[in-house]
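Architecture at a glance
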Amino acid sequence: MNTYNLKRLRTDKYVYHVFVVAASILGVIIIAILVFMSQQGLMTFKDVSPAEFFLTSRWNPDNNQFGALSFIIGSLLVTLVAVFIGGPVGIMSAIFLAKLAPAWMRDILKPAVNLYMAIPSVVYGFVGLTVVVPWVRTTFHVAGGFGIFTTSLILAVMILPTIISISVDALSAVPVMLEEGSITLGATYWQTIWHIVLPAAIPGLATAIVLGTARAIGETMAVQMVIGNTPQMAKSLFSPTSTLPSEIVVEMGNTPFGSALGNSLFLMALVLLLISLMLILIVRKISELKGAKA
């Protein structure tokens, strides 16, 4: 074996070890975060019972009341409504970009979608505060304009770039011969998209929805600006409430570390993480079942 091959093998070995070290560091960091959040969060139950924290919506730290049910329900509601609005719009936009748009339009819109991702969340929140909130107030004749519906509209717009970008890649990855075979057998192009392309792209589309869901449920600043920040259970889509991330932001500034309130915020962050994981597992399971049927 010549010197060049020896150097290349040595370099490959060093690069392999670098990647292993990097992956190990990342794993250690993630585990450390989980352990720290769990330790601090579970200390909440020294002052509050699990039943009170998870099953009541009485939140008054001054009176040692730490019921987080309204925040959990608020987070789930705004996320589900946002995905319900943004998911179909994003997938339909991806179908247009991947299968219907002319090449010149695709070359313009795809970079625009990627640029769309770079807009800071505070910009979405400010637009929501100055444009969407007054529009909701006047259109639906509600008192404030803050609440689940307004927040979900903002989040639906925010998750569109993620859903569109990943869905376009999933649809473009479907083999062309499947489409050609369908059309050859007499199917129209719309029938081919509906019965051939979409079922074949289900795992990728489900991934797009999962990442959009994670983007929505973890959003903080934009939600905090339009949700109303009221620690109460939402009575309708137009009533103000609060979510786990927004309440953490509101309370964390003046909260002593290790206090009952501080530990409650860590527990809320842990619950948020577990909800995100649960949603990801559910959607992936659904995508596996649909993929098997297809």
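Structure shown above.
Residues numbered from 1 in each chain as written. Predicted model: local features only at pLDDT ≥ 70, side-chain atom pairs only at ≥ 80, totals over all residues. Heavy atoms only, no water.

Section: the packing of aromatic side chains
The description of two aromatic rings rests on the distance between their centres and on the angle between their planes. One pass over the full model with this rule turns up 12 aromatic pairs. Measuring from ring centre to ring centre gives 5.8 Å for tryptophan 135 and phenylalanine 140, while their planes differ by 90°; the resulting arrangement is edge-to-face. Classification of tryptophan 135 as partly exposed rests on a relative accessible area of 43%. Centre to centre, the rings of phenylalanine 140 and phenylalanine 238 are 5.0 Å apart; their planes meet at 35°, and the pair counts as tilted. Residue phenylalanine 140 is located in the loop between α5 (121-139) and α6 (148-172), and its partner phenylalanine 238 is located in the loop between α10 (221-226) and α11 (244-252); the two are separated by 98 residues in the primary sequence. On the basis of relative accessible area, phenylalanine 140 is assigned to the partly exposed category, the value being 35%. Following the ring pairs from residue to residue traces out a cluster consisting of Trp135, Phe140, Phe149 and Phe238. (Phe/Tyr/Trp six-rings, centres within 6.5 Å; stacked < 30°, edge-to-face > 60°. Buried < 20%, exposed > 50% of the residue type's maximum accessible area, 1.4 Å probe, protein only. Helix = DSSP H or I, 4+ residues; strand = E, 2+ residues; numbered from the N terminus.)

Considerations on the packing of helix α3 (residues 69-100) against α6
Remark: α3 packs on α6, axes separated minimally by 6 Å, with the N-to-C direction vectors making an angle of 40°. For the crossing formed where α3 meets α6, the hand is right-handed. Its residues assigned to classes, the contact of α3 with α6 comprises 22 nonpolar, nine polar and one charged. (Axes fitted to C-alpha atoms, helices over the stretch in contact; angles between N-to-C directions. Left-handed = near helix turned anticlockwise from the far one by under 90°. Nonpolar A, V, L, I, M, F, W, Y, C, P; charged D, E, K, R; others polar.)

Topic: the layout of surface pockets
By volume, the second largest pocket amounts to about 170 Å³. Element by element, the count of residues in the lining of the second largest pocket is highest for helix α12 (residues 260-293), at four residues. Along the lines of polarity and charge, the residues of the lining of the second largest pocket split into seven nonpolar, three polar and no charged. (1 Å grid on protein atoms, 1.4 Å probe; cavity = no way out; pocket = protein on both sides within 12 Å on 5 of 7 lines; lining within 4 Å. Points joined across faces, edges and corners; volume = space filled by probe spheres on them.)

With respect to unusual backbone geometry
A positive phi angle, close to 55°, is found at histidine 141, a residue other than glycine. Within the element layout of this structure, histidine 141 appears in the loop between α5 and α6. Judged by relative accessible area, histidine 141 falls into the exposed class, the value being 70%. Not every positive phi belongs to a glycine, and asparagine 229 is a case in point at roughly 50°.

Thoughts on the pattern of salt bridges
Across all of its chains, the model carries two salt bridges by this definition. Here glutamate 179 and lysine 99 are joined by a salt bridge, their closest N and O atoms 2.6 Å apart. Highlighted residues: glutamate 179 in helix α7 (residues 176-184) and lysine 99 in helix α3, separated in sequence by 80 residues. A relative accessible area of 17% means that lysine 99 is categorised as buried. Arginine 215 is the salt-bridge partner of glutamate 219, the closest N and O atoms lying 2.6 Å from each other. Judged by relative accessible area, which is 6%, glutamate 219 ranks as buried. (Salt bridge = Lys/Arg side-chain N within 4 Å of Asp/Glu carboxyl O.)

What to know about the nonpolar core
Residues Ile154, Leu155 and Met158 are the most contacted members of the largest nonpolar core, which totals 23 residues. Put simply, the parts of the chain that give this core at least two residues each are α3, α5, α6, α9 (202-217) and α10. Per-element accounting of this core gives the leading share, seven residues, to α6. Once residues within four sequence positions are removed from consideration, methionine 158 is found in contact with Ser121, Tyr124, Arg215, Glu219 and Ala222. Core analysis: the next-biggest nonpolar cluster, separate from the first, contains 21 residues, Phe66, Leu244, Leu261 and Ile275 among them. (Core = buried A, V, L, I, M, F, W, Y, C linked by side-chain atoms within 4.5 Å. Contact = heavy atoms within 4.5 Å.)

Quick look at empty space enclosed by the protein
For the structure on display, the rule yields one cavity of 30 Å³ or more. Looking at the largest cavity, its volume works out to about 30 Å³. Taken together, Ser75, Val78, Thr79, Leu155, Ala216, Ile217, Glu219, Val223, Thr243 and Pro245 make up the lining of the largest cavity. Elements with a contribution of two residues or more to the lining of the largest cavity: α3 and α9. Looking at the lining of the largest cavity element by element, the count peaks at three residues for α3.

Some words on the environment of isoleucine 248
Mapped onto the fold, isoleucine 248 is located in helix α11. Apart from the residues lying within four places of it in its own chain, the contact partners of isoleucine 248 are Leu265, Met268 and Ala269.

Side note on the environment of phenylalanine 149
Looking at where phenylalanine 149 falls in the secondary structure, it is placed in helix α6. The spacing of phenylalanine 149 and valine 133 is 16 residues in sequence and 9.8 Å in space, taken between C-alpha atoms. Once residues lying within four places of it in the same chain are set aside, the contact partners of phenylalanine 149 are Trp135, Val136, Phe140, Leu237 and Phe238.

In short, the description is geometric, and any link to function would need to be established separately.
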